[in-house]
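Structural overview for review
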Amino acid sequence: MEMNMRVLCVLIEGGKCLHEIAECCYRWTPQIALREGEAIFLEVGSCQRIYNEETLFLKIKALLKRFGVRGRVGIGDDPALSLCYARLGEPRGVPLRELPLQALYDVASPFKKDKALFKETEQLVAVLQKLGLRNLEEFLKLSPSSLSSRFSDLGIELHRRLKGSRTSLLWPSYIPPEKIEEKMNLDDFENCQTLEPLLFLIKNLVTRSMARLAGRSERVTRFELELELEKHSFVKTARRHWSFSLPLPQGSVSSLLPLIHERLQTDFQRQPLDSCVRHMKLSIVETVPGQYGQKNFFNKREEEQEAWNSLMARLCQKLGKEHTFVASPTEGYRPESGWKKSWPESHQVEKTKDEALHATLNGIELPFPQRPLRLLKAPVPLFKVQNTLIQSSENESKRWEIHNWDGPERLQGEWWSGADALKRDYFRVGTETGEELWIFRIPDSDKLFLHGYFD
Amino acid sequence: MSSPSSSAVVLEGLRSLIKSVEKPLLRERYPFTSTPLGIPKGCLIEIVGPGKTETVAQFLRENPNLRVAWIEDAFTIYPCAIMQRKIRLHQVLFIEAKQENFWAASQVLRSGLFEIVVMSFQKQINEKVVRRLQLETEKANVSFFLLPENENCSPVPSASWPISMKLKMNATNRGISILRERG
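Residues numbered from 1 in each chain as written. Chains lettered and ligands numbered in written order. Predicted model: local features only at pLDDT ≥ 70, side-chain atom pairs only at ≥ 80, totals over all residues.

**Re the overall build of chain A**
- When helices and strands are counted, chain A shows 12 helices and 16 strands.
- Its C-alpha radius of gyration of 36 Å places chain A more than 25% over the 23 Å reference for a compact globule of 455 residues.
- Considering only C-alpha atoms, chain A reaches an extent of 120 × 65 × 40 Å along its principal axes.
- The 455 residues of chain A split such that 28% are buried.
- Across chain A, the fraction of contacts at a sequence separation of at least 24, relative to all contacts at a separation of at least 6, is 61%. (Helix = DSSP H or I, 4+ residues; strand = E, 2+ residues; numbered from the N terminus. Rg over C-alpha atoms; globule rule 2.2 N^0.38 Å. Buried ≥ 20, exposed ≤ 12 C-beta atoms within 10 Å, placed from the backbone. Contact = placed C-beta atoms within 7 Å.)

Next up, the structure:
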């Protein structure tokens, strides 16, 4: 490791959620190391132009709060000193004279608890104390030549490290787990059987998962939620499982929670939980790369895109992907095949052929009659009795008195379809009630069909 | 001690003074040639009668930069006709919501992504639903067009008080009558 580095140490009380918090810290620096069960080290010297130390302190504090753990932070020029400062609760560091000799334990092995090294350091500290030394400053005042005669190689090495010379200390890079899973035991919570309290707890899982995803610069496309219920004799299904497949990648808590809320609400109405929930697990199954850029103060594009993704996910989950779409024109002889459904990836649709077509059409009157704004999915047979049109179907019966009859407009094509070739004479029919119908007749026959309305 | 009549005079004077100073609260509006004051933002607008969809299409043509969510329970709108009326199709999100059209409308309003919502429906809606839509529309500052399939689907008069503007299409000459306009 280069000696002009700055290391931030996060000492976590009880070592809870160490790996998860370490993963979240990836968004600030790729150089992360762990002291198992105790602390996280971040090399922040290289990112000082992006985040200053004060900002990092605040972000770390917020992260610890999100995970519901307490911790102390220290920042120094090497991992050992930063760990010492964190232990003392002095984030910005203290003079060496304020660091006791016991700090040598951390200087000897900042990244792991080595029993053999600890014992050797303990002996060294005992000797130094017998000599009347009290703190690291006094230890540093010893001359290197005297160290070799009185102390072992360890003493020389520790002296060298504190002096700031290059050492052979290896930075054990932290590698995050492949899959993100957040679990929670609900033994301390009572009556977790209804939706609202469960959602409150699920929110914690989602928050942590999203923080870890942000650290990896990824967004979720599929995730699973599992609830384990208290086992009683009347409980039929002790494990409930939901899989969420997102049409667009999501990266924020506010976009996932409504989805979970909607799904659980529907499911619980159909099949309520038989007993209290004892354990819950959220697993991120599939992710895609997704850059979490800094917020742009001058426009809300990223926020709008997140809101769009969230809206699309909710609509697709409830209604189905085929029922939420933008339309685009296609080539086709039949009126009903003149457009197709497209999936709207972004709320900011780039100028497409449609825009170019629109620009071309602007100010130009197309050489064919106006089309009705309402088109039935399938043409409905009509009967003409004198001046009355009658629609008779299973569900309803309607009658219109004809006021005027304009047309015909012949549409034909698709000769290759044989008997299904398109051949229709379209008429625009005004009625006494003011409605305007779009009717077609099959040429050489009396068959009339209602195809649309000019509403 | 002042007499009751003098207090009443003073009160009346104060009221007229307040009225002269206070400006009436007016909503922002989108320009629209078919209505004198345009279409207000942040409220429900009901259009009934034959030609209602045509009126909405004309409004969208006159306001081409607005993002639109078009919700229908039974999807009968013809996108080619919309494009023919010089409306940009990519500005319109179509939602075929079937029985969940009010839920879909609520989601769209809460997203804050659309300036215009058009909802065509075939079943009568009750006061509770109308009121909820009105509150969400106001919060989102969206112009929400209600297009009932026919007069029977229109909210009953006792339930239609949250609707700020009601337009009726004239069957004979396709003109527009403003039946109600508030705010």
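**Brief notes about the overall build of chain B**
- Counting its regular elements, chain B contains 5 helices and 9 strands.
- From first element to last, N terminus to C terminus, chain B shows the α and β order α-β-β-β-α-β-α-β-α-β-α-β-β-β.
- Expressed as lengths along the three principal axes of its C-alpha atoms, the size of chain B is roughly 75 × 35 × 30 Å.
- In chain B, buried positions account for 42% of the 183 residues.
- By sequence separation, contacts in chain B at least 24 residues apart represent 73% of the contacts at least 6 residues apart.

**Things to note about the domain arrangement of chain A**
Residue and element names in this part refer to chain A.
- Taken domain by domain, chain A holds domain 1 (7-163), domain 2 (180-317) and domain 3 (374-453).
- For domain 1 and domain 2, the distance between their C-alpha centres works out to 37 Å.
- Each partner contributes to the interface: domain 1 provides 9 residues, whereas domain 2 provides 8 residues.
- Broken down by secondary-structure element, the contributors of at least two residues to the side of domain 1 that touches domain 2 are α1 (18-24) and α2 (53-67).
- Each residue belonging to the side of domain 1 that touches domain 2 can be placed in one class, and the counts come to 5 nonpolar, no polar and 4 charged. (Domains from an automatic or database assignment. Nonpolar A, V, L, I, M, F, W, Y, C, P; charged D, E, K, R; others polar.)

**Some remarks on the packing of helix α9 (residues 195-216) of chain A against helix α10 (residues 253-270) of chain A**
All names here are of chain A.
- Look at α9 against α10: their axes get within 10 Å of each other, and the N-to-C directions meet at 145°. Relative to α10, the crossing made by α9 is right-handed. For the pair α9 and α10, the contacting residues are L195, L199, I202, K203, V206, T207 and M210 in the first and V253, L256, L257, I260, H261, L264, Q265 and F268 in the second.
- When the residues that make up the contact of α9 with α10 are grouped by side-chain class, the tally is 11 nonpolar, 3 polar and 1 charged. (Axes fitted to C-alpha atoms, helices over the stretch in contact; angles between N-to-C directions. Left-handed = near helix turned anticlockwise from the far one by under 90°.)

**Some details on the pairing of strand β12 (residues 388-392) of chain A**
Residues and elements named next belong to chain A.
- In the sheet, strand β11 (residues 374-385) pairs with β12 via 3 bridges, with the strands oriented antiparallel. Looking across to β12, one finds that F383 is bridged to I390.
- The loop that links β11 with its antiparallel partner β12 comprises 2 residues; one of these, Q386, has a positive phi angle of about 55°.
- Here β12 pairs with strand β13 (residues 397-413) via 5 bridges, running antiparallel. Across the sheet, the residue bridging to L389 is W400, located in β13. (Pairing = 2+ DSSP bridges.)

**Overview of the nonpolar core**
- In terms of nonpolar packing, the biggest core is built from 135 residues, with C9(A), I40(A), I45(B), W70(B), I71(B), V117(B) and V118(B) touching the most fellow members.
- Excluding anything up to four places from it in sequence, I71(B) contacts I95(B), A97(B), N101(B), A104(B), A105(B), V117(B), V118(B) and M119(B). (Core = buried A, V, L, I, M, F, W, Y, C linked by C-beta atoms within 7 Å.)

**Topic: unusual backbone geometry**
All names here are of chain A.
- In the segment running from G407 into P408, the intervening peptide bond is cis, with an omega of 5°.
- One non-glycine residue, E414, lies in positive phi territory at about 55°.
- Looking at the secondary structure, you find E414 in the loop between β13 and β14 (422-431).

**Points about the sheet that holds strand β2 (residues 32-35) of chain A**
Residue and element names in this part refer to chain A.
- Pairing is antiparallel in the open sheet, where 4 strands are placed in the order β2-β3-β1-β4. Of all strands in the sheet, those bounded by a partner on one side alone are β2 and β4 (71-76). The sheet shows a mean angle of 20° between the axes of neighbouring strands, direction not considered.
- Relative to β4, strand β1 (residues 7-12) runs antiparallel, the two sharing 6 bridges. Note that in β4 the partner of C9 across the bridge is G74.
- In this fold α2 packs onto β1 and β4, with an angle of close to 160° to the strand it touches most, β4.

**Quick notes on the sheet that holds β13(A)**
Residue and element names in this part refer to chain A.
- Strand order in the closed barrel made by the 6 strands is β11-β12-β13-β14-β15-β16, with antiparallel pairing throughout. Recorded for the sheet is a direction-independent mean angle of 50° between the axes of neighbouring strands.
- Direction of pairing for β13 relative to β14: antiparallel, over a ladder of 9 bridges. Along β14, the bridge assignment pairs W405 with V429.

**Some thoughts on the interface of chain A and chain B**
- Taken together, the contact between chain A and chain B spans 39 residues of the former and 34 residues of the latter.
- When contributions to the side of chain A that touches chain B are tallied by element, the ones reaching two or more residues are α11 (301-319), β9 (324-329), α12 (353-361) and β11 of chain A.
- Take the side of chain A that touches chain B: its biggest share by element is 8 residues, from α11(A).
- Bridge analysis of β9(A) against strand β5 (residues 92-96) of chain B gives 2 bridges, and the strand direction is antiparallel.

**Observations regarding the environment of L199(A)**
- Mapping L199(A) onto the fold places it in helix α9.
- As a C-alpha pair, L199(A) and C9(A) span 190 residues in sequence and 33 Å in three-dimensional space.

**Quick look at helix α4 (residues 101-111) of chain B**
- N101(B), A104(B), A105(B), Q107(B), V108(B) and L109(B) are the residues of α4(B) that are buried.
- Looking one or two residues past α4(B), G112(B) carries a phi angle of roughly 75°, positive in sign.

**Remarks on the pairing of strand β7 (residues 143-148) of chain B**
All names here are of chain B.
- Burial analysis of β7 places 6 of its 6 residues in the buried class, which makes it a mostly covered element.
- The side-chain alternation of β7 yields two buried faces, one formed by S143, F145 and L147 and the other by F144, L146 and P148.
- Looking at chain direction, strand β3 (residues 43-48) and β7 are connected through 4 bridges and run parallel. When the sheet's bridge partners are listed, I45 is paired in β7 with F145.
- In the sheet, strand β6 (residues 116-121) pairs with β7 via 6 bridges, with the strands oriented parallel.

**A word on the packing of α4(B) against helix α5 (residues 127-140) of chain B**
All names here are of chain B.
- The interhelical angle for the contact between α4 and α5, taken along N-to-C directions, is 15°, at an axis separation of 9 Å. When the axis of α4 is compared with that of α5, the two are roughly parallel. In this structure, α4 meets α5 at a crossing whose hand is left-handed. Across from F102, A105, S106, L109 and R110 in α4, the residues of α5 making contact are V129, L133, E136, T137 and A140.
- Each residue belonging to the contact of α4 with α5 can be placed in one class, and the counts come to 6 nonpolar, 2 polar and 2 charged. (Parallel < 35°, antiparallel > 145°, perpendicular 65-115°, else oblique.)

**Section: the environment of R87(A)**
- Here R87(A) shows up in helix α3 (residues 79-88).
- Taking the C-alpha atoms as reference points, R87(A) and R72(A), separated by 15 residues in sequence, lie 7.2 Å from one another.

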